[in-house]
Each structure stands twice: as C-alpha cells, then as structure tokens.
10 protein chains.
Amino acid sequence: MLFHVRMDVNLPPDLDPAVRADLVSREKARAVELQEKGVWPQLWRIVGEYANFSIFDVSSNDELHDLLTSLPLFPYLKIQVTPLATHPSKI
Amino acid sequence: MLFHVRMDVNLPPDLDPAVRADLVSREKARAVELQEKGVWPQLWRIVGEYANFSIFDVSSNDELHDLLTSLPLFPYLKIQVTPLATHPSKI
Amino acid sequence: MLFHVRMDVNLPPDLDPAVRADLVSREKARAVELQEKGVWPQLWRIVGEYANFSIFDVSSNDELHDLLTSLPLFPYLKIQVTPLATHPSKI
Amino acid sequence: MLFHVRMDVNLPPDLDPAVRADLVSREKARAVELQEKGVWPQLWRIVGEYANFSIFDVSSNDELHDLLTSLPLFPYLKIQVTPLATHPSKI
Amino acid sequence: MLFHVRMDVNLPPDLDPAVRADLVSREKARAVELQEKGVWPQLWRIVGEYANFSIFDVSSNDELHDLLTSLPLFPYLKIQVTPLATHPSKI
Amino acid sequence: MLFHVRMDVNLPPDLDPAVRADLVSREKARAVELQEKGVWPQLWRIVGEYANFSIFDVSSNDELHDLLTSLPLFPYLKIQVTPLATHPSKI
Amino acid sequence: MLFHVRMDVNLPPDLDPAVRADLVSREKARAVELQEKGVWPQLWRIVGEYANFSIFDVSSNDELHDLLTSLPLFPYLKIQVTPLATHPSKI
Amino acid sequence: MLFHVRMDVNLPPDLDPAVRADLVSREKARAVELQEKGVWPQLWRIVGEYANFSIFDVSSNDELHDLLTSLPLFPYLKIQVTPLATHPSKI
Amino acid sequence: MLFHVRMDVNLPPDLDPAVRADLVSREKARAVELQEKGVWPQLWRIVGEYANFSIFDVSSNDELHDLLTSLPLFPYLKIQVTPLATHPSKI
Amino acid sequence: MLFHVRMDVNLPPDLDPAVRADLVSREKARAVELQEKGVWPQLWRIVGEYANFSIFDVSSNDELHDLLTSLPLFPYLKIQVTPLATHPSKI
C-alpha cells in the first residue's frame, strides 16, 4: 500500500556541527536500511530545498507512522502524508 | 485501518430541487449502507456547515478511494483524507 | 455534547530530555485519566506528525476549555476546536 | 453556552431581484425571531462587507446547528463557528 | 463606536515564571479597569486557545490604539481589529 | 477618523457591456461626489489590477459602512477595511 | 530528468455526459501513450480526490510543457510542477 | 525601471472558440508589439500552467498600468506586479 | 511616483531595552528626515498592531529600495511594496 | 534550460557581525562566479525585501540543485524554483 510523503528538514543553522553531522549520518544509514527493506522505494530531493518527496510501501498506517518516527531527523521534520490509490490509467 | 475524512458539500444553490432531493436521498442510503457494513463507523456534522468529519475503517487505500468515489454526492464533494495511527496514550 | 479537536505538539528539539520525559509522562497520565472519566472518548495519532485528532464529550464549552488547559503539554500545543452535531445520516 | 459565529453572505449579483428581496426579508424576520427568543443576543455588521459577527446562546451544539440551518440565507452563507468560554478577567 | 478584536497571546513557554505571573496579573488588572470604564464591554475566551474575542466601545481609532498598546501583554499579542456597524436586523 | 480600504472589483468578463458601462459611470460619479464631500480624500489604482487602495475620513464606523455600500459597484466589490491611528513619527 | 507533478481535475458537475466521457477517454489514451513512451513513468491517484501525483521523465522543460498541454483535460487541470534532483541517500 | 510581473490566464473552458481564438491572436500581436518597443524585454511560460513570468521596463508606474490594461486578455488575467531594484551582486 | 508600503515591526520582546530605545529613536529621526525631504508623504499606524501603512513618493525603484533599507529598524521589518497608478476617478 | 528562482534571505538580526560580513562577502563572490560562468544570467533585488528573483540557465535539475546548495547563504535561504518554458509570443 503506497503513501506519498513530503518531508521538510528544519535544522537550525547554528546547530553544533558535530551534532548535525551525527544526525545526518544516522539519517542516511536509516534511509538506506529502509530502502533495502523495500518499504521506502522512491526518494527524490526537491530542487533548491532541504526537502524530499518520497513513496513508502507499507502494510498499514501504524507501520508507516513507526517508520517515520524512527528517522533520526524526525524531531526536525515537517511531514505531510497522502495516501495513494491505483490510478485507472496506469499501465 | 482508520482514516480521518473531512467532506465539504458544494451543491449549487440553484440546483434543480428534484435533482438535489434525489442526490441527497441516494447519498443517505449509501451512507447507511456503508455504516452497516462497518466501513464508516463514525460520522459527525460540523456545526453551521454543510460538511462532516468521518472515520473510515478499511483494509487498504484502494478500498477507501472506491468507497469515497461511490458516494452519489462525490462530484460535489471536496474531500481531505488523513491516515490515522494508534495513539500511544489510548486506553 | 461532542467536539472535534486537533492538537499539534510543538516541543523544541533542544528541550532538556528530563523536562521532556516528565512532560510527556504527565500528559499520558492525564490523557488516561480523562479517557477513563469518559470525556475524551476518541484519540488518534496523525500519521507522520506529532499531532492528534480527538473527540471530547463534555457538557459545556467551559468544561472543555478547562480540560484542554489542564493538559501538561498545553503551553506547547496548538489546538483547534470544532463543535459537532448529530449527522442526519448517522445510524 | 456562547458561540462566536461569523457569517459571510454570497448572493450572486445577478440573482433575480424578487427572489433576493424575498430571501432577505425572510432572513430578517427569522433573525428578529431568534433575537426575541434570546438565542441570538449579539449581531454586528462588519464594515464594508456583506457579513456579520454574531453571538449565539444555546444549550447544545445540535441546537446551534438547527438554528443556523434554519436561516433562509443558509444556502448562500459561509459560516464559521467558534465555541466561547468564560474569560478569567471578565468582571 | 464598536470594534471587534481578536487577541492571541504568545508567551514563550520558557519565560521566567515570576515575569510571567507579573505580566498576567498586571494584564488582568488592566482588563478589569478598562471594563469598569465601559470601553471593553465584552470579553470571551476562545475554547482551547490562549486567545480571546473582545468588543471595544471607543470614540475614535486613536483611543482604541492607545488602549490596546497600554495592555501589559501587548508585546506578546497578535491583535486583529475589525470595525463594526449597526446590523439592519438588530432589534 | 481615517480608515484604509482596499477594494477589488470583480466584474464578470461576460457582463452585458451596457450594464457594465452604466455601473462604471455611476461608480465614477459617486466617487467624485464623495471626494468632493471630503470623506474619500485619497484614492490610488493598484498597478496591474482592477483594484484600489483608498483612505476614507469619516466620523463613525456606521458612516463608513453606509458610504461603502452606497457605491454602485458594491455587489461586485471585495472590500477590506483597516482602522488607522496617528503614527508617533508623523510630522 | 525527473519532475514531480500534481494535477487536480476540475470538471464541472453539469458538463454534458457525452463531452465528459469523450474527454476522459481521450485523456486515458494519451496517458497510456505517454507511459508507453517512457516519459510518464509514475502515476498515482490521490485517495478521495479527482487528482493525481505523477513523475515525468523528460529531457527539457519545454518537452514537459508540451506534454502537459497536450493532455485533453488540460483546460480543466490545475497543475503544479516541482523539479526533482537525485537524493544523496538514494540507493 | 524594471518590474517583475506574473500573469495567470483564466479563460473559461466553455468560451466560444472563435472568441477565444480572436482574443489569443490579438494578445499575441500586442505582446509582440510591446516587445518590439522594448518595454516587455523578458517573457517566459511557467511549465504546466497557462501563466507567465515577465519583466517590464518602463519609466513610471502609470506607464506600466496602461500597458497591462491594454492587453486584450486583461479581463481574464490575474496579475501580480513586483518592483525590482539593482542587485548589489549583479555583474 | 507613488508606492504603497506596509511595514510590520518584529522586535523580540526580550531585546535589550537600551538597544530597543536606541533603534526606535533612530528610526523616528530617520522617518522625520524622509518626511521633510518629501519622499515619505503619508504614514499611518494600523490600529492594534506594531505596523504602518505608508505612501512613498520617489523617482525610481532603486531610490525606494535605498530608502527602505536605510531605516534603522530594517532588519526587524517585514515590508510589502505595491506600486500605485493614478486612479481614473481621482479628482 | 531556464528556471525562475525566488530566494528569501533570513539572517537573524543578532547574528555575529563578523560572521554575517563573512557570509555576505562569500555569497557575493559566489554569485559573481556563477554569473561569469553564465549559469545565473539574471538577478534582481525585490524592492523593500532581503530577497531576489533570479533566472538560472542550466543543463539539468541536478546541476541547479548543486548550484543553489553551493551558495554560502544556503542554510539561511528559503528558495522556490519554477521551471520555465519558451513562451509562444516571445520574439
């Protein structure tokens, strides 16, 4: 079951660089892990913004919420979730 | 799996009264049918508006989309769907 | 008398972890207490957000305001209240 | 129990003048009736707009919804209801 | 001459409790004083928010501005003023 | 007493040209009349829009509302009124 | 080069059913054709709305504009285009 | 003196095709004429929309307003004008 | 050439009082100076807000930008500029 | 391939002046460099705002994203990118 997700990252510019580097590194590791598990099949950067559009493929709303809140950057994310259905013109 | 849905009904004031009555009557019948099936467990009128907040309980996004587009009033509805997860403080 | 409430929690990411843990723990205790009293019958997490949709069942506006401002997280909450009426198609 | 209500009237400029006059006249009669019953204690015109701020005094959300939908202009109104509580500094 | 005023209070959650208590206490005293003078005849709390709807009765725009900026909480208030006129259906 | 007013004119493009010409001509005559009376001292076109910023000088909110609703284009206007006070830096 | 596109379809409810059926049928044929050419690789229905999220894969902005305006439903579409870049965490 | 202008074209889908063709043809002729005069030096289509971003180079606000209202499509345009200044980093 | 300007002042409530007093005093001096030069002919306080509506009379966009950025409060201002043209009904 | 970019600079007023001067100086150097390379052909200041409208000319979305995130001020920028196509009336 697919969900469209927009994430905007709001890291304060004056965040301690070591804290920031650690957060970003752990975020990347988690993103790779979730892609490899197949639950985060699509991920694009929005040009000019520290933000992404993503597609998640999960079996329930609860699973999706658990995945999103497991992201190390979650406290700094503004997330907007949109449920997707099959499009009748999709080949 | 639960979804929060807001529906705003935009029937033009100059709609033919017979067409309107037929639409509203068929909408009510469909709403009753979906409640009886257990997929539309909650339904409230928003005070002062021709709008409702609803809870749907379905097994997939596709099922929810099919249910919502099956409503006779669908062409006149503005619908906003929000996926719900279990709240950690829910007893 | 039912009210629809959306609460968005805005805890600063740099809040002292002990203060945060205490706030969240007291919030949960209060949420359980109000559910047990029957005034907070429904409570859902919005997927991907630190936010909830709730239904409150109270006998007056004043009672609702007192309940909401009694929440330990109140200073960090953005709350939007919508009064609900019986829907004519509700079975 | 008090509610703050904003009503914006959207009558199409090309509405038949007789229909319009009838609607406005019946709206006024209903507004007078509800004021005399004590349920619509305050009513002000917003300067420069075909809109009003009102205070309603009712015993339930359902009563308020019934009153608002009983207004002859209801199909042309955009209504926003805000529940009010006693202010702690009110003398 | 009547004005509708919405005030939203934005006190930072980490404000020194003594400073906060002093501000709130002086605000209340000033609110009482202005009500007793008859210039602030109506004052309601918006349910679930640290905000109010108020009616002011003053003889000029300058007088209203002076009153609002005299409030001890003014630096923390977001204020929106709407001039009111007599409603033709008011009894 | 001064008020800042923004007016946006929404004449439908397919309005009968004679009706339109009559409306615009009567609007202009009324605008001239109100300027000559001194109640509409300032009036500017917003570049690229069928809209204006205006300053009205009236003795009460009711007088302003009567003036604005007396405009022949009133049914086609979106009007936003802002009360003005003396600026402390005005020479 | 990838672009994220949101399309909202605004077909008037009173559109002639034959005109509507023809439009929708030609839209579907064109959507299939563009998918087969590989320029419209992803296409999802937004649950509860007559809208879609799409991914287009084109070699230039001009090509994308030509594709979008070639859609039979174009006069009824509200389209929002967002350019996408490679995400650094994409595997 | 430069101005940034966004124009959104709102032609009703059911406009008579001959009227539409005439409008669009006259608009194009006028756009060419203004470019040749040097007052409309830049003009781009916004991808996926019936809209443009433009740069106008005029000697006064009045001249710009006259140019914009001289466009045959003006009654169907939503126009937003932003004055531009020299950027300190411009080479 | 006239421009309509709205300025909203956002001074942090916890700004050092001496810094604040100095800023406000220098802002006032600059405002007086620009009024005396004739480039800032109108200036009104918006009732209930730390904001103003102003009219500037300058010979170019660059001059206006230089004037606005010369204001001591500029780093704390949200400024919105609207170019004005002569209104055809102005007497 | 052209893109329209709006950048709003949000430097905190209390930023260390030396840090600020360094950021602004490096930003200017980078802006000059990108203009000289031909990828940033247009750049205008928005009157009254610490913001600009720009045109970028790049060969791909990825190139544009790399350029924008290479700006020294990037952590303080709100950026909005709009892809541009050739306008049919452009001479």
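Structure shown above.
Treat the numbers as computed from the prediction; the structure is a model and nothing was measured. (Residues numbered from 1 in each chain as written. Chains lettered and ligands numbered in written order. Predicted model: local features only at pLDDT ≥ 70, side-chain atom pairs only at ≥ 80, totals over all residues. Heavy atoms only, no water.)

**Some points on the relation of the copies chain A and chain G**
Each of the two chain copies can be generated from the other by rotation about an axis followed by a shift along it.
Then, number 1: Once chain A has been moved 0.0 Å along the axis and rotated by 180°, it coincides with chain G to within an RMSD of 0.0 Å. Taken together, the rotation angle and the small translation identify this as a two-fold axis.
Then, number 2: The share of interface residues of chain A whose copies in chain G are also at the interface is 100%, consistent with both copies meeting through the same surface. (Least-squares fit on C-alpha atoms with pLDDT ≥ 70 in both. Contact = heavy atoms within 4.5 Å.)

**Looking at the packing of aromatic side chains**
All names here are of chain H.
Then, number 1: Counted under the stated rule, the structure contains 10 aromatic pairs over all chains.
Then, number 2: A ring pair is formed by Trp-40 and Phe-56, whose centres lie 4.7 Å apart and whose planes are at 25°; its orientation type is stacked. With Trp-40 in the loop between helix H1 (17–36) and strand S2 (42–46) and Phe-56 in strand S3 (residues 51–57), this residue pair connects regions lying 16 residues apart in the sequence. The residues Trp-40 and Phe-56 share a single accessibility class, namely buried. (Phe/Tyr/Trp six-rings, centres within 6.5 Å; stacked < 30°, edge-to-face > 60°. Helix = DSSP H or I, 4+ residues; strand = E, 2+ residues; numbered from the N terminus. Buried < 20%, exposed > 50% of the residue type's maximum accessible area, 1.4 Å probe, protein only.)

**Focus: the interface of chain F and chain E**
Size of an interface: often given as the accessible area lost when the parts come together.
Then, number 1: Counting from both sides, the interface comprises 13 residues of chain F and, opposite them, 13 residues of chain E.
Then, number 2: Counting each side, the surface lost to burial between chain F and chain E is near 900 Å², with a carbon and sulfur contribution of 59%.
Then, number 3: Broken down residue by residue, the surface that chain F buries against chain E is led by Met1(F), Asn61(F) and Pro83(F), which jointly contribute 51%.
Then, number 4: Taken together, the connections running from chain F to chain E amount to 0 salt bridges. (Buried area = accessible area lost by both parts, 1.4 Å probe. Salt bridge = Lys/Arg side-chain N within 4 Å of Asp/Glu carboxyl O.)

**Section: the relation of the copies chain F and chain E**
Then, number 1: The two copies are related by a screw operation: chain F maps onto chain E through 180° of rotation and 0.0 Å of translation along the axis, at an RMSD of 0.0 Å.
Then, number 2: Taken together, the interface assignments show that 100% of the residues at the interface of chain F recur at the interface of chain E, consistent with an identical surface on both copies.

**Section: the interface of chain A and chain G**
Then, number 1: In this complex, chain A contributes 27 residues to the contact, which on the side of chain G involves 27 residues.
Then, number 2: Both sides of the chain A and chain G interface together cover about 2,600 Å² of buried area, and 66% of this is carbon and sulfur.
Then, number 3: Broken down residue by residue, the surface that chain A buries against chain G is led by Trp44(A), Arg45(A) and His87(A), which jointly contribute 24%.
Then, number 4: Put simply, chain A and chain G have 0 salt bridges between them.
Then, number 5: Of all the elements in the fold, those that place two or more residues in the side of chain A that touches chain G are strand S1 (2–9), helix H1 (17–36), strand S2 (42–46), strand S3 (51–57) and strand S4 (77–86) of chain A.
Then, number 6: Partitioning the side of chain A that touches chain G into residue classes produces 15 nonpolar, 8 polar and 4 charged.
Then, number 7: As paired strands, S2(A) and strand S4 (residues 77–86) of chain G are joined by 3 bridges and run antiparallel to one another. Each bridged residue has a counterpart across the sheet, and for Trp44(A) the counterpart in S4(G) is Thr86(G). (Nonpolar A, V, L, I, M, F, W, Y, C, P; charged D, E, K, R; others polar. Pairing = 2+ DSSP bridges.)

**Description of the layout of surface pockets**
Then, number 1: Size it by volume and the second largest pocket reaches roughly 880 Å³.
Then, number 2: Contributing to the lining of the second largest pocket are 34 residues, with Val9(B), Asn10(B), Glu49(B), Tyr50(B) and Phe74(D) lying nearest its centre.
Then, number 3: Among the secondary structure elements, those contributing two or more residues to the lining of the second largest pocket are strand S1 (2–9), helix H1 (17–36), strand S2 (42–46) and strand S4 (77–86) of chain B together with helix H2 (61–69) and strand S4 (77–86) of chain D.
Then, number 4: Per element, the largest residue contribution to the lining of the second largest pocket is 5 residues, and it comes from H1(B).
Then, number 5: Counted by class, the lining of the second largest pocket contains 17 nonpolar, 9 polar and 8 charged residues. (1 Å grid on protein atoms, 1.4 Å probe; cavity = no way out; pocket = protein on both sides within 12 Å on 5 of 7 lines; lining within 4 Å. Points joined across faces, edges and corners; volume = space filled by probe spheres on them.)

**Side note on the pairing of strand S4 (residues 77–86) of chain C**
All names here are of chain C.
Then, number 1: Along S4, 7 of the 10 residues are buried, which leaves the element largely enclosed by surrounding structure.
Then, number 2: Where strand S1 (residues 2–9) meets S4, 7 bridges bridge the pair, whose relative direction is antiparallel. Of the residues in S4, the one forming a bridge with Val-9 is Leu-77.

**As for the nonpolar core**
Taken as a class, soluble globular proteins show a tendency for nonpolar side chains to be buried jointly.
Then, number 1: Ranked by size, the top nonpolar core spans 52 residues in total, and within it Met7(A), Leu68(A), Met7(B) and Leu68(B) carry the most contacts.
Then, number 2: Secondary-structure elements contributing two or more residues to this core are S1, H1, helix H2 (61–69) and S4 of chain A together with S1, H1, helix H2 (61–69) and S4 of chain B.
Then, number 3: Among residues more than four places away in sequence, those in contact with Met7(B) are Trp40(B), Tyr50(B), Ala51(B), Asn52(B), Ser54(B), Phe56(B), Leu68(B), Leu71(B), Leu77(B), Lys78(B) and Ile79(B). (Core = buried A, V, L, I, M, F, W, Y, C linked by side-chain atoms within 4.5 Å.)

**Some points on the pairing of strand S2 (residues 42–46) of chain C**
Then, number 1: Of all 5 residues in S2(C), 4 are buried, a share of seventy percent or more.
Then, number 2: Remark: 4 residues form the turn of the hairpin made by S2(C) and strand S3 (residues 51–57) of chain C, two consecutive strands paired antiparallel; Gly48(C) in that turn has positive phi of roughly 85°.

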